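Take a look at the letters that make up each chain.
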Amino acid sequence: MNTKVDTLEFQAEARQLLQLMIHSIYSNKETFLRELVSNASDALDKLRLEAFQDKDLEADTSDLHIELEVDKDARTLTIRDNGIGMSREDVIGLIGTIAKSGTAEFLKKLKESQDSAVSQDLIGQFGVGFYSSFMVADKVTLTTRRAGETVGTRWESGGEGTYTIEELDDAPQGTAVTLHLKPEDADDQLFDYTSAWKLREIVKKYSDFIVWPIKMAAEKTAEDGEVTHELETVNSMKALWARSKDDVTDDEYNEFYKHVSHDWQDPLEIVRMQAEGTFEYQALLFIPSHAPMDLFMRERKRGVQLYVKRVFIMDDCEELMPEYLRFIKGVVDAQDLSLNVSREILQQDRQIQLMRRRLVKRVLSTVKTLMTEHPDKYATFWKEFGRAVKEGLLDDVENRVAILDISSFSSTNDAEAPTTLREYIERMKDGQQDVYYMTGESRSIIENSPHMEAFQAKGFEVLVLTDPIDEMWVDAVGEYEGKQFQSIAKGQVDLDSDEEKKTAEAEREQQTKDFAELLSWMTTTLGESVKEVRLSSRLTTSPTCIVGDSNDMSPTLEKMYRAMGENMPQLKRILELNPTHPLVVGLRDAHSKRADDETLAETAELLYGMALLSEGGELSDPSRFTRLLAAQLTRAL
Ligand code: ADP
């Protein structure tokens, strides 16, 4: 038997996180117990499932439970479970390392924030699990043996940089975590975690719903005065989702949410469902109050927990939540599935698909209710998750309208508060047919782009769409409540009232004649860059702008595709001229007098470059642009 003690180093991220826990920036220290009990409960769930699926597993599942054991003299608290346990590799990989995606960013943010309230808030968003033991303990000993294995492992650390690990030949199946409590908390009744009533209180508060018994020794005084110790179960063990709604307090829901989500903050909203009939299930879902750090990372997890008849089957059941609702947490307990159900079966099961459809509809309708009944909560929801939800406009055609109903967009109506489409439509001007929008990289680029001029001058509201996903869905969706989405940077615009049209028509006819020669000359001159040069009705102050044909891809989308490595042909767009701008008028007059002048072609090229720049675009040859501009300026002096 190898009894060698190895000393290993924590992974860098783990070390930093431990430092934080030791110097405890988190004020609510008692939550360490919730984390350890939660881990123990998960370990019991895993063992029950594995024993069911693997009949050869040599494991004792007859009395699965969690036990809290106190040694007042030694000032230790032990949290013991007889669950799945860990192998030596598990311990090194799971306890010595943090595999959570986004940890590096999280730690960076934490370092940057000097404010302790902000740090607390951040750590609450992150959730630290096992490491929270170091908030109350200056040394932690973990002994464990994986079910089915014979050799156990002992792990110990003071949290500072290294830990020791050694083999154990007499470890019971499961895991025991012993906390050597910090001395400074000893005199304080509030923080005495060796006090039985204190521990009971904490378990009741945070872990009552755990479906496994949490046992503690209780003193029993017999009639003859003899004192014995008996194990007593301190939690009620009722699955929260199976209890009637009025039976459960908000606090209980909140703690349950923290257990399933590993989040330390209360959820934003709770979604309960009970389906009776041929396919019976209960669901208890939560909308978190903040987005997880990995919401937009590739390796993120998603999905809710699946139970079958109260038995835990799997975490992150993707079959029950679509990608765009990947932030939803919670539990679904189905009565009519087999405990043997596998991912492959789930993917094909019609009942599962039906269930998912109903869950999705319920989540969407819950958000819709928030809009009217709790606008603040809705605002938080949209700020945190809106970007993800909009993916559903592409992925979930069936719920497109429901998603549009709960969507908000930044708009020229208000620089701060986003607007819903319904609100936009209510504000539409008489005679306005379409919902106007513009996509781009930032609000300021869009607001200052020449395309906006006539819309601003005439008071038409424009949606300001700056998320990459916006580029995709506007085209795919097309309309809302009979109103078309119309890009102000595409196609022809006509913002004139009937009255204005009469005068404008005559004027335009005249302009078309006056500018015909210039337009055809410029179309030829700039033929490599644009497909047409025409007069604009959307400009008031700028000389030029570039627009797409109604069904052209937008420049941002084109850029996105290129960034993804797609080989895109050069898209030619349309250059529009402002017929009232002195530069345009001047160029026309000059061209009619000296059509073969070289510098006029350069002016045309400069006009095109200016249009590109003012929409936030990039010049293909910036140094040539500057050279031409410098030459023209010199001549003008
Ligand atoms: P989290 O629980 O958020 O995943 P932790 O740091 O608390 O993070 O735990 C890391 C991992 O260590 C767990 O995911 C689990 O695989 C393992 N683990 C922790 N405690 C136990 C336990 N009591 N029994 C078995 N495995 C455990």
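Residues numbered from 1 in each chain as written. Predicted model: local features only at pLDDT ≥ 70, side-chain atom pairs only at ≥ 80, totals over all residues. Heavy atoms only, no water.

Visitor: Would you mind showing me how to read the sheet that holds strand β11 (residues 281-287) here?
Guide: Backbone-to-backbone hydrogen bonds join strands into a sheet, with any given pair of strands oriented parallel or antiparallel. Spatially, five strands are ordered β10-β11-β14-β12-β13 in an open sheet, and the strand pairing comes out mixed. The open sheet is flanked by β10 (269-275) and β13 (311-317), the only strands paired with a single partner. Looking at each pair of strands side by side, their axes are set apart by 15° on average, direction ignored. Summarising the sheet, strand β12 (residues 304-308) and β13 pair through four bridges and their orientation is antiparallel. Note that in β13 the partner of V308 across the bridge is V311. On the sheet, helix α7 (residues 250-261) packs against β10, β11, β12 and β14 (329-334) and is oriented at approximately 90° with respect to β11. (Pairing = 2+ DSSP bridges. Helix = DSSP H or I, 4+ residues; strand = E, 2+ residues; numbered from the N terminus. Axes fitted to C-alpha atoms, helices over the stretch in contact; angles between N-to-C directions. Contact = heavy atoms within 4.5 Å.)

Visitor: Hey, could you run me through the packing of aromatic side chains in this one?
Guide: We describe a pair of aromatic rings using the distance from one ring centre to the other and the angle between the two ring planes. Tallied over the full model, the rule gives 24 aromatic pairs. An angle of 80° between the planes, with centres 5.6 Å apart, marks the rings of Y307 and F312 as edge-to-face. Members of the aromatic cluster, connected to one another through ring pairs, are F209, W241, F256, Y257, F286, Y307 and F312. Above the plane of the ring of F296 lies R326, whose end atom (NZ or CZ) is 5.3 Å from the centre. Just above the ring of F515 sits the side chain of R588; from NZ or CZ to the centre is 4.6 Å. (Phe/Tyr/Trp six-rings, centres within 6.5 Å; stacked < 30°, edge-to-face > 60°. Lys NZ or Arg CZ within 6 Å of the ring centre and 35° of its normal.)

Visitor: How should I be thinking about helix α19 (residues 582-593) in this particular structure?
Guide: Side chains three or four residues apart in an α-helix point the same way, a direct result of the helix having 3.6 residues per turn. Between its terminal C-alpha atoms α19 stretches 16 Å, which fits the 16 Å expected from 12 residues at 1.5 Å a residue. What α19 keeps buried is the set V584, L587, R588, A590 and H591. (Expected span 1.5 Å × (residues − 1). Buried < 20%, exposed > 50% of the residue type's maximum accessible area, 1.4 Å probe, protein only.)

Visitor: Explain the layout of surface pockets to me, please; I cannot follow it from the model alone.
Guide: The volume enclosed by the second largest pocket comes to roughly 1200 Å³. The wall of the second largest pocket is formed by 49 residues, among which R573, Y608, L612, E615 and E618 lie closest to the centre. Of all the elements in the fold, those that place two or more residues in the lining of the second largest pocket are β17 (435-439), α14 (443-447), α16 (468-477), α18 (555-563), α20 (598-614) and α21 (622-636). In terms of residue count, α20 provides more of the lining of the second largest pocket than any other element does, six residues in total. Summarising the domain contributions, the lining of the second largest pocket has at least three residues from each of domain 3 (409-487) and domain 4 (499-636). (1 Å grid on protein atoms, 1.4 Å probe; cavity = no way out; pocket = protein on both sides within 12 Å on 5 of 7 lines; lining within 4 Å. Points joined across faces, edges and corners; volume = space filled by probe spheres on them. Domains from an automatic or database assignment.)

Visitor: Would you take a moment to explain the domain arrangement of the chain for this structure?
Guide: Put simply, an interface is often sized by how much accessible area is lost when its parts join up. When cut into domains, the chain gives domain 1 (5-233), domain 2 (240-382), domain 3 (409-487) and domain 4 (499-636). Look at where the C-alpha atoms of domain 1 and domain 3 centre, and you get two points 52 Å apart.

Visitor: Whenever I open this one, the sheet that holds strand β22 (residues 544-547) confuses me. Can you help?
Guide: Taken together, three strands build an open sheet; the order of strands is β21-β23-β22 and the sheet is mixed. Strands at the two margins of the open sheet, each flanked by one partner only, are β21 (530-535) and β22. Each neighbouring strand pair of the sheet contributes to a mean axis angle of 25°, computed without reference to strand direction. As paired elements, β22 and strand β23 (residues 573-577) share four bridges and run antiparallel to each other. Bridge assignment links C545 to a residue of β23, and that residue is E576. Relative to the sheet, α20 contacts β21, β22 and β23, its axis offset from that of β22 by approximately 65°.

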